[in-house]
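Residues per chain are reported as follows:
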Amino acid sequence: MAMTSVLVANRGEIACRVFHTCRRLGVATVAVFSDADAASPHVAEADSAVRLPGNAPADTYLRGDLIIDAAKRAGADAVHPGYGFLSENADFARAVREAGLTWIGPSPESIELMGSKIAAKERMAAVGVPIFTNLDPASVAEADFPVLVKASAGGGGRGMRVVRDVGELAAAVDSAAAEALSAFGSGAVFCEPYLQNAHHIEVQLMADRHGTVWAVGERECSLQRRHQKVVEEAPAPLVERIGPALRERLFEAARSGAKAIGYEGAGTFEFLVSENGDVRFLEMNTRLQVEHPVTEATTGLDLVELQLRVADGEALGPEPPKTRGHAIEVRLYAEDPANDYRPQTGVLRRFELEGAQFQGPSGRGGLRVDAGFASGSHVSPYYDAMLAKVIAYAPTRGEAARILRGALLRAKVHGLVTNRELLANILAEPEFLEGKTDTGYLDRIGLDTLAAPVADAQAIALSALAAAVADAKANQVANPVLAALPTGWRNLPSQLVQKAFITADGQEIAVRYRFERGRLLAPEHPDVALLDVRLGSGAAAHEVLFEAGGVLRRFAVSCAAADGGHDVFDVDSPLGPVALRRKPAFTDPADQIVAGSLIAPMPGSVIKLGAQVGERVRAGQPILWLEAMKMQHAVNSPADGTLVELDVAVGDQVNQGAMLARVEETNPAEEAGTQKRSTQ
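Here the structure is a predicted model, which means the values were calculated and not measured.

### What about the overall build of the chain?
(1) Moving on: In terms of helices and strands, the chain carries 18 helices and 38 strands.
(2) Moving on: In terms of overall dimensions, the chain is globule-like: its C-alpha atoms have a radius of gyration of 27 Å, near the 26 Å expected for 680 residues.
(3) Moving on: The principal-axis extents of the C-alpha atoms in the chain amount to approximately 85 × 80 × 55 Å.
(4) Moving on: In the chain, buried positions account for 52% of the 680 residues.
(5) Moving on: For the chain, long-range pairs separated by at least 24 residues make up 62% of all intrachain contacts whose partners lie at least 6 apart in sequence.
(6) Moving on: Carbon and sulfur atoms make up 50% of the accessible area of the chain, which amounts to about 28,500 Å² in all.

Have a look at this one:
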């Protein structure tokens with residue numbers, strides 16, 4: 001291999017992923033990083049790293065000139081773009097080549113052609129690939145609804161909106177264009193027919209410059225939130241049901257499309273497929289996909305290695321390897337699914353996923369974790385909220401789902417709300433296990449079911465008791481006078497100790513207990529006996545052993561200080577993870593929120609205002625929009641009333657919890673009187 005040093009023009013887990021293969025091949029690595037990413041694992045994993053001053057993507061990872069300069073200064077002779085950011089930017093690919101560096105990706109001409117979804121569909125239709133008809137947003141007719149507004153120059157769910165009524169179209173086009181401009185540098189959008197319950201199937205391609213094009217298996221990526229994939233798997237359950245004829249149609253369409261544009265490198269053809277096997281081309285991604293590990297698991301290939309070899313001029317073999325077994329990948333996000341997938345920011349106090357040695361199709365299987373964060377990492381508002389991809393491979397789909405769910409539930413994820421339990425619930429849900437995973441799955445099953453905590457009320461109560469006991473033991477040991485006495489020792493019977501905790505969803509849970517001659521007495525848990533408390537040191541968790549109803553239960557209790565100074569507890573057990581914070585004894589007047597206040601749900605930038613002071617507003621009406629993690633989030637009025645206070649302007653950067661505006665709620669009787677007078 002001629003290349004000696006590769007700069008990855010990206011961040012997080014994909015940078016770490018590329019570095020892994022480069023190290024195995026003896027190729028040096030160079031990272032680039034923004035100020036917010038200075039302590040990111042991808043910086044530590046590279047042989048050398050170059051700072052990109054600033055935080056916003058437009059100032060850092062979207063600055064092709066800075067990245068090329070970094071490659072030259074660090075002595076890199078090749079650039080791998082990862083995915084997102086500049087990975088599908090033809091001008092950047094061209095500039096890399098003009099700088100005398102090897103571009104690990106397709107030609108700028110291929111990126112240019114397929115980067116415009118409108119032009120790509122026209123070219124694919126010309127070679128017989130079935131497509132959806134593009135619709136000009138200005139000429140969408142009533143009969144065309146529902147439609148999907150899409151960004152022409154990007155992907156990943158950004159710049160996409162489902163519109164079901166003509167009255168919603170203009171606003172959806174505007175917001176999609178603004179989001180696309182921020183994420184991809186182009187605000188061009190178009191519309192296409194929207195199919196509610198289709199299957200999202202994609203074909204992995206690998207092509208060399210000698211004319212060989214491999215179709216390296218298909219993946220199903222139908223489980224999506226906000227048009228972003230959450231669960232991906234290979235092979236596709238729908239294709240397995242329908243049979244080899246559908247697979248060959250998909251492969252042939254992808255190969256013929258790639259050959260028509262002289263494609264080179266890794267790429268993906270994406271299709272929507274109906275339940276009966278009707279196929280329509282969506283788009284081509286001229287890069288490596290986030291979900292590429294499931295293909296690697298079922299084929300034994302290293303797709304990043306193939307990218308490097310193809311870019312170096314090497315030829316592929318005549319045929320790709322056959323696929324074996326089944327692989328499932330989930331995307332672990334720092335977000336709250338129960339609250340409209342609200343992204344989370346802050347310190348990831350602990351982040352541990354148990355991982356056995358991963359084996360491809362030659363072995364029984366196992367677990368793989370591709371992570372861009374580690375214990376102690378800070379999740380910022382500037383970039384995508386994905387913490388890691390967790391992948392399981394096994395001989396059968398059911399085994400892979402079981403391995404993956406077990407790994408998620410055993411993981412230690414402390415400090416931020418994540419979608420971990422949503423993913424675990426999906427992997428055990430009957431329709432998922434039957435392979436009925438179309439794009440309407442999440443809406444059909446519902447977040448009330450899928451986002452519910454794995455721990456039930458009894459498990460939460462036991463976890464709170466374990467936290468209280470561990471806290472008491474730790475406090476006793478910290479006091480030199482009491483340390484020599486048994487836990488809770490008194491020479492006379494005592495009153496019950498009462499401790500109150502707040503759960504992650506805001507529920508209060510009270511714990512009452514006392515120790516009597518070393519024995520735990522908890523009135524709400526008469527069948528619970530405390531067997532042991534083992535205190536951890538440093539960051540290690542305390543361990544509490546209960547016997548409950550004749551069953552030994554083991555709880556790992558981690559304690560830390562929250563931002564407000566109140567203790568927080570993360571309790572991990574086979575009953576499900578439980579996050580608690582100690583209820584403060586007194587309420588700080590500064591923490592009290594005036595009725596009708598709109599509080600920033602996350603750090604972000606104010607990008608648009610929906611009302612002005614003095615205007616009448618309705619419950620649910622957007623008052624302003626924040627941009628965080630490259631997505632737009634509306635902040636809505638909590639009630640009908642008047643906007644009496646607006647504390648921000650467009651362009652302001654706000655912190656989570658900041659006061660944004662206040663709506664003075666209308667008295668229903670006064671509203672009725674006003675309406676009556678206005679009609680007289």
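Now that the structure has been shown, we can carry on.
### Comments concerning the sheet that holds strand β8 (residues 189-193)
(1) Moving on: Pairing in this open sheet of 3 strands is antiparallel, and the strands run β7-β6-β8 from one edge to the other. Edge positions in the sheet fall to β7 (161-163) and β8, since each of these pairs with one other strand and no more. Taken over all neighbouring pairs, the strand axes of this sheet differ in orientation by 30° on average, direction set aside.
(2) Moving on: On the sheet, helix α6 (residues 117-126) packs against β6 (147-151) and β8 and is oriented at approximately 50° with respect to β8.

### Considerations on the domain arrangement of the chain
(1) Moving on: Once the domains are mapped, the chain shows domain 1 (5-104), domain 2 (128-193), domain 3 (199-451), domain 4 (457-582) and domain 5 (597-669).
(2) Moving on: Using C-alpha coordinates to define each centre, domain 1 is positioned 23 Å away from domain 3.
(3) Moving on: Counting from both sides, the interface comprises 31 residues of domain 1 and, opposite them, 29 residues of domain 3.
(4) Moving on: Overall, the association of domain 1 and domain 3 removes approximately 2,200 Å² of surface from exposure, summing both partners, and the carbon and sulfur fraction of that is 60%.
(5) Moving on: For Glu 88, the salt bridge is made with Arg 287, and the minimal N-O distance between the two is 2.9 Å.
(6) Moving on: Where domain 1 touches domain 3, the interface holds 12 residue pairs in polar contact (both at pLDDT 80 or more).
(7) Moving on: Secondary structure elements with two or more residues in the side of domain 1 that touches domain 3: α1 (12-25) and β5 (102-103).
(8) Moving on: In terms of residue count, α1 provides more of the side of domain 1 that touches domain 3 than any other element does, 10 residues in total.
(9) Moving on: Per-class residue counts for the side of domain 1 that touches domain 3 are 14 nonpolar, 11 polar and 6 charged.

### Focus on the packing of aromatic side chains
(1) Moving on: Counting across every chain of the model gives 10 aromatic pairs.
(2) Moving on: A centroid spacing of 5.5 Å and a plane angle of 50° characterise the contact between Phe 269 and Phe 281, whose relative ring orientation is tilted. You can see Phe 269 sitting in strand β12 (residues 265-273) and its partner Phe 281 sitting in strand β13 (residues 279-285), a full 12 residues away along the chain.
(3) Moving on: Classification of Phe 269 by relative accessible area gives buried; the value is 0%.
(4) Moving on: Put simply, the rings of Tyr 61, Phe 85, Tyr 382 and Tyr 383 pair up and form one aromatic cluster.
(5) Moving on: The ring of Tyr 341 is capped by Arg 225, whose NZ or CZ atom sits 5.8 Å from the centre of that ring.
(6) Moving on: The ring of Trp 625 carries Lys 608 above its face, with NZ or CZ at 4.8 Å from the centroid.

Thresholds, definitions, all that
Residues numbered from 1 in each chain as written. Predicted model: local features only at pLDDT ≥ 70, side-chain atom pairs only at ≥ 80, totals over all residues. Heavy atoms only, no water. Helix = DSSP H or I, 4+ residues; strand = E, 2+ residues; numbered from the N terminus. Rg over C-alpha atoms; globule rule 2.2 N^0.38 Å. Buried < 20%, exposed > 50% of the residue type's maximum accessible area, 1.4 Å probe, protein only. Contact = heavy atoms within 4.5 Å. Areas by Shrake-Rupley, 256 points an atom, 1.4 Å probe, with all protein chains shown as cover. Pairing = 2+ DSSP bridges. Axes fitted to C-alpha atoms, helices over the stretch in contact; angles between N-to-C directions. Domains from an automatic or database assignment. Buried area = accessible area lost by both parts, 1.4 Å probe. Salt bridge = Lys/Arg side-chain N within 4 Å of Asp/Glu carboxyl O. Polar contact = N/O pair within 3.5 Å; in protein donor to acceptor, adjacent residues only side chain to side chain. Nonpolar A, V, L, I, M, F, W, Y, C, P; charged D, E, K, R; others polar. Phe/Tyr/Trp six-rings, centres within 6.5 Å; stacked < 30°, edge-to-face > 60°. Lys NZ or Arg CZ within 6 Å of the ring centre and 35° of its normal.

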